[in-house]
Amino acid sequence: MNYANDPKRRLLIAQVLGATTLPEIEEATQALQQWVKDHPDDLGIVDGFEQLALMRICAEEKLTSTKAPVEPALVR
Amino acid sequence: MADHIRARITEELRQITAILEEITNRTSRWNGTVELVRDAGFKGLKPFHCSIFMAEDLAEEDVRWRTLIHEALHALSAGYNSTDFEANRGWEEGTVEQLQRLIRPIVLARMKVLPNEAAMMQIEENHLFNAYIKALEDVREALGRENQEFYLTLLKTPIRDRYTLCVQAAISSTGDNRRKAVEVLSAASPILKGRLL
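Residues numbered from 1 in each chain as written. Chains lettered and ligands numbered in written order. Predicted model: local features only at pLDDT ≥ 70, side-chain atom pairs only at ≥ 80, totals over all residues.

A few words now on the nonpolar core. In terms of nonpolar packing, the biggest core is built from 65 residues, with V16 of chain A together with A72, L73, A131, Y132 and A135 of chain B touching the most fellow members. With seven residues, the single largest contributor to this core is helix α6 (residues 130-143) of chain B. If we ignore the near neighbours within four places in the chain, the residues touching A72 of chain B are L13, I16, T17, L20, S28 and W30 of chain B. (Core = buried A, V, L, I, M, F, W, Y, C linked by C-beta atoms within 7 Å. Buried ≥ 20, exposed ≤ 12 C-beta atoms within 10 Å, placed from the backbone. Helix = DSSP H or I, 4+ residues; strand = E, 2+ residues; numbered from the N terminus. Contact = placed C-beta atoms within 7 Å.)

Looking now at the confidence of the model for chain A. Of all residues in chain A, 87% have pLDDT values of 70 or greater, and the mean over the chain is 88. Mean pLDDT across the elements of chain A ranges from a minimum in helix α3 (residues 48-65) of chain A, with 92, to a maximum in helix α2 (residues 22-38) of chain A, with 97. (pLDDT = per-residue confidence, 0-100.)

Residue and element names in this part refer to chain B. Taking 1.5 Å per residue, 14 residues should reach 20 Å; α6 reaches 19 Å between its end C-alpha atoms and fits that length. Looking only at α6, the buried set comprises A131, Y132, I133, A135, L136, V139, R140 and A142. G144 lies just past α6 and shows a positive phi near 65 degrees. (Expected span 1.5 Å × (residues − 1).)

Attention now goes to the environment of N130 of chain B. Residues and elements named next belong to chain B. Along the chain, N130 falls in helix α6. N130 sits in the partly exposed class, given 18 other C-beta atoms within 10 Å. For the pair N130 and T33, spaced 97 residues apart in the sequence, the C-alpha separation amounts to 29 Å.

Let us look at the interface of chain A and chain B. Chain A puts 24 residues into the contact, and the matching count from chain B is 25 residues. Contributing elements (two or more residues each) for the side of chain A that touches chain B: α1 (7-18) and α3 of chain A. When grouped by side-chain class, the residues that make up the side of chain A that touches chain B number 15 nonpolar, six polar and three charged. (Nonpolar A, V, L, I, M, F, W, Y, C, P; charged D, E, K, R; others polar.)

Residue and element names in this part refer to chain B. Axis separation between helix α1 (residues 3-24) and helix α2 (residues 64-74) bottoms out at 10 Å; the angle between their running directions is 55 degrees. The orientation of α1 relative to α2 falls into the category oblique. Read as a crossing pair, α1 and α2 show a hand that is right-handed. On α2, the residues that touch E12, L13, I16, T17 and L20 of α1 are L68, I69, A72 and L73. In terms of residue class, the contact of α1 with α2 is made up of seven nonpolar, one polar and one charged. (Axes fitted to C-alpha atoms, helices over the stretch in contact; angles between N-to-C directions. Parallel < 35°, antiparallel > 145°, perpendicular 65-115°, else oblique. Left-handed = near helix turned anticlockwise from the far one by under 90°.)

All names here are of chain B. In this model helix α9 (residues 175-192) runs 26 Å from its N-terminal to its C-terminal C-alpha over 18 residues, within 8% of the 26 Å that 1.5 Å per residue would give. Where α9 is buried, its residues meet α4 (89-110), α6 and α8 (162-171). Note on α9: the residue one or two positions beyond its end, G194, has a positive phi of about 95 degrees.

For the rest of this paragraph, the subject is unusual backbone geometry. All names here are of chain B. Positioned with a positive phi, D39 is a non-glycine residue whose angle comes to about 50 degrees. Mapping D39 onto the fold places it in the loop between β1 (34-37) and β2 (44-45). You can call D39 exposed: it has 7 C-beta atoms within 10 Å. The backbone phi angle of K112 is positive, close to 60 degrees, even though this residue is not glycine. Summarising the element assignment, K112 is placed in the loop between α4 and α5 (117-125). Assessed through the 6 C-beta atoms surrounding it within 10 Å, K112 is described here as exposed.

The next thing to look at is the sheet that holds β1 of chain B. Backbone hydrogen bonds are what pair the strands of a sheet, in a parallel or an antiparallel way. Residue and element names in this part refer to chain B. Spatial ordering of the open sheet is given by β1-β3-β2, a layout of three strands whose pairing is mixed. Because the sheet does not close on itself, it has two edges, and the strands there are β1 and β2. Pairing geometry for β1 and strand β3 (residues 52-55), over four bridges, is parallel. In the sheet register, E35 faces β3, and the bridge partner there is F53. (Pairing = 2+ DSSP bridges.)

Okay, structure coming up:
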């Protein structure tokens, strides 16, 4: 089946490609999982998981790098 | 999954990488390691370090070739790091996916593989990265660049500089072409940064 013109699918793609924060990525991942479960023949959308996995790495790295630096222990 | 399957996939990727290095005139950052992931969700993944991950259940499927070539191209892409990917993800995923489609026949012919092209094209017909590819194709056409050459140039340009490269090309155009190229780039830019709405 051709889902290209399905408005729900278009919104889902926008959500997946636009997710940048961890909550957005989590929400988009769940929405994509549900779509794939409901439309197992829609193979063109599955690579969305690749981008979400990469964006998760980006978001986690950003979170780690913006944490306040730990005060170095005093050395006697 | 049996070690021999991982060994086969690793060998397939090694051959693909050797051909792609020749075509792109670039050196791969792939470290030669493939991780097959059970219940992965994704089909293939090239994290920002040197390994390549692949869904275990894809390893036996004929459509794996498009994923293998796609991930191998990420390993050849200039400036592939998390910061620049996040800010310019369409410039990377669109470039790599379109290049995969353009050069897959050459790569597989050299490997003497007869793939199920119909199955791979079915995936690509409604692929979610088509939004990125459409934006890049609009830019390419506005700049009057040849298909494969345009994407090879983008691949060897650091991800963060790809937009600037196209802006410079647009500005160096003349007359109506210049105005049109700038307009097309302005419209494509948000999409290639992941903002489709």
